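An overview of the molecular structure
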Amino acid sequence: MSSKLDFLRTVKPFDLLPEDVLAEVAEGLQEVHHPREAIIYHQDVTKLRGLDIVVEGEYETFFYDSQQNRRVVEYSRRGECYGGISLLLNKKKSLRTVLAKRNTRVYFLHRREFLALCQGYEGFFNFFTARYGQRMQNEEYAHFVRPATSAASSYLASDQLFSRRIETLEMRPVVLCAAYTPIFEVAQRMAAARTSCYFITDADVNGQIIGYVTDITLRDKVVAGLADARQPVETIVDAPVVSISSRAFVYEAILLMFRTKTRYLLVETDGEYVGFLSRNKLLTDDQAQSPFIFIQSVKQAQAVPELKRRWEQVPEMVYQLLNRGVKPEIVNQVITTVSDTIAVKLIEDAIAELGPPPAKFVYMVLGSEGRKEQTLLTDQDNAIIYEDKANEQRELVRTYFLRFAEIVSDRLNEIGFSYCDGGFMAKNGKWTHSLSHWKRNYVEWMTDSNPEAGMQFAASFDCRYLYGDATIMDELHEFLAEELQKPRDRFFHYMAVNALQYEPPLTFFNNIRTFAVGSQQVFNLKRTMSPIVDLVRMYALKHRIFATNTGERLEALKALGVFKEREAHELLQSYYYLMGVRLKKQAVQIISDHTTPDNYLDPKSLTKVEQVTLKEIFRVIADFQVKIKVGFTKSLG
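Here goes a summary of the coordinates provided. All values derive from a computational prediction rather than experimental measurement.

How each quantity is defined
Residues numbered from 1 in each chain as written. Predicted model: local features only at pLDDT ≥ 70, side-chain atom pairs only at ≥ 80, totals over all residues. Heavy atoms only, no water. Helix = DSSP H or I, 4+ residues; strand = E, 2+ residues; numbered from the N terminus. Rg over C-alpha atoms; globule rule 2.2 N^0.38 Å. Buried < 20%, exposed > 50% of the residue type's maximum accessible area, 1.4 Å probe, protein only. Contact = heavy atoms within 4.5 Å. Core = buried A, V, L, I, M, F, W, Y, C linked by side-chain atoms within 4.5 Å. Pairing = 2+ DSSP bridges. Axes fitted to C-alpha atoms, helices over the stretch in contact; angles between N-to-C directions. Parallel < 35°, antiparallel > 145°, perpendicular 65-115°, else oblique. Left-handed = near helix turned anticlockwise from the far one by under 90°. Nonpolar A, V, L, I, M, F, W, Y, C, P; charged D, E, K, R; others polar.

A word on the overall build of the protein. Summing up its helical and strand segments, the protein has 25 helices and 19 strands in all. The C-alpha radius of gyration computed for the protein amounts to 27 Å, which stays within 12% of the reference 26 Å derived for 637 residues, consistent with globular compactness. Reported as C-alpha extents along the three principal axes, the dimensions of the protein are approximately 90 × 70 × 45 Å. Counting the 637 residues in the protein, one finds 53% classified as buried. For the protein, the share of sequence-separated contacts (at least 6 apart) that also reach a separation of at least 24 residues comes to 71%.

Within the largest apolar cluster, 130 residues are counted, with the highest numbers of intra-cluster contacts made by Ile342, Tyr363, Phe404 and Phe457. Counting residues per element, this core draws most heavily on helix H15 (residues 328-354), at 12 residues. Once you skip the residues sitting within four places of it in the chain, Phe457 turns out to touch Tyr442, Trp445, Met446, Leu480, Phe491, Met495 and Leu541. One finds Leu8, Val54, Leu87 and Val145 within the second-largest nonpolar core, a separate group that totals 48 residues.

On to the sheet that holds strand S7 (residues 176-178). Taken in spatial order, the 3 strands make up an open sheet running S7-S8-S9, and their pairing is mixed. This sheet does not close on itself; its edge strands, each paired only once, are S7 and strand S9 (209-214). Geometrically, the sheet is characterised by an average inter-axis angle of 35° between neighbouring strands, direction not taken into account. Bridge count between strand S8 (residues 197-201) and S9: 5 bridges; the pairing is antiparallel. Within S9, the residue paired with Thr201 across the bridge is Ile209.

Attention shifts here to the environment of Thr336. You can see Thr336 is positioned in helix H15. Considering only alpha carbons, one finds Thr336 and Arg259, 77 residues apart in sequence, at a separation of 9.9 Å. Those residues in contact with Thr336 that lie beyond four places of it in its chain are Lys372, Glu373, Gln374 and Arg464.

Now for unusual backbone geometry. In most cases, non-glycine residues show a negative phi, while peptide bonds are predominantly trans. In this model, Lys12 is joined to Pro13 through a cis peptide bond whose omega is 5°. Of note, the amide linkage connecting Ala239 to Pro240 takes the cis form, showing an omega dihedral of 0°. Here Pro240 is to be found in the loop between helix H9 (215-223) and strand S10 (243-245). You will see that Glu37, though not glycine, has its phi angle at about 65°, which is positive. Along the chain, the position of Glu37 falls in the loop between strand S1 (30-34) and strand S2 (38-41). For Glu37, a relative accessible area of 39% corresponds to the partly exposed category. For Lys261, which is not glycine, the phi dihedral falls at a positive 60°. Summarising the element assignment, Lys261 is placed in the loop between helix H10 (250-260) and strand S11 (264-269). Judged by relative accessible area, which is 45%, Lys261 ranks as partly exposed.

This part covers the packing of helix H21 (residues 489-499) against helix H22 (residues 525-542). Describing two packed helices takes the angle between their axes plus the distance from one axis to the other. Here H21 crosses H22 at 170°, and the two axes come no closer than 10 Å. By the angle between their axes, H21 is roughly antiparallel relative to H22. The handedness of the crossing between H21 and H22 comes out as left-handed. When H21 is examined against H22, the residues Phe491, Phe492, Met495, Ala496 and Ala499 are found in contact with a partner set consisting of Asp534, Met538, Leu541 and Lys542. When its residues are assigned to classes, the contact of H21 with H22 shows 7 nonpolar, no polar and 2 charged.

Dropping the structure here:
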């Protein structure tokens, strides 16, 4: 085993792994011999069982063209790997044909162990995806990969969404006109420029962009509405304008479009608009596959039974994404976007049934949904804040919103988002109130140091706008920011005590502590992850950061210098590794076992590498719990 370990230390990217993990990997390697000139794998046919690391001899790898000529011939020699890109990005099928030259000896690593390393160590994973990206710069290589990616079910093309940045896309130039321009002239300009979108400025072409006009705008507001086309275009402009950085990823652009209900997105670099993207273009390009086409189908669903069928398809999508190595934090965002889309459709349907709301309001989601960290075992956590009204209107307003909340909540439950056992739902009168009442709630929760108050505050602090008037939520955040600047030592101390109630399940002898559930010995994945959520929330509260997502909070805290780069990286890696394990287990329970998913995991179901990775994660969590003790309870006892 020592010779295998010594060899692995020289192999990229295994040299990036911790020594104890590397030792576990070395122990699990199988030695395989291949005869001279033997074809080992056939391109896009052979399903790989794992990763090959060449020890002696060499692999000749190539594509066959239509005439069976070998194209883009490359060689993998001692210390080089074959199969990583195929396992991650090509449905586990060999991307190329592989021929063993001379007498070739390789070390074989099972794909389960390989994928576990990719999930646990970002640098290890990035080595293979970066290698693929570099090879795709070779025009001939890309030519032979693309035919396999043209189908709608292609994984390679779909995965470009998660690695490709917006700046690599072809964007349309931003075309502008002033708000006083007549509508008919804007239509003429759109025809001449052959564009479906024209952006409108508040003054002249150098002014600030205030909105946009599209073909649909002209159809709905001018033609169908019999409007005077000689009026200024500002009378029909659509808003708001949504923008994104050119350094963002393609999937982020698509998700942003779905969340903001916009079909056009301005792209900016260093504060200047450099072009715009259309949703139709992104969703019809080669690189745009499901899950984004799936989200579009959810938006087009017409009734509760159809929405229920769509939600039931999510576990399969989650499983496929994780199997392809898509990061758990991205999978969380996809789940969140689907559930948000369903909730918004139900909200709009309820308003259509009940009539316009009698007051401005905001519908917000709480807890894991508020943090954009939903799993497949999810219940409802939501609330409503409405504007304060005169005494004679209060009962009417409250009656409307409670009925509205009941309709939305009942339909969510019918679709598969079960009622919250703790009652954290808008249909519960405690979670539907006026803005002034919500402000009093926050003060009361911060003053009353008891378990229920702490739980209610934690859930409500993880709140995220979903529908309605966002200014109401902004005002609540401003109020809370002021309150948090007051002396709140007792409150923070109590919140810290709550955050320290659960310790990582690691015994004194470095084994995973379990308990019995049925015939299995398990630990609770959700509770294991909770200290990370609680820790990061504590510091977000202390520094008045109102981002809700754990990763976004960590980035903001790192920018403030609260966490060092290494600390933030360790926490993020630990959290999303556990999230990936949790999501995949739940998906398998739903798809294969046809059972209700849970958060329990039997360590014996894991490989040795996965078990070692978990133990390292538990150590990271324990170290950061010490940080809470020192920072908030002034005690190490």
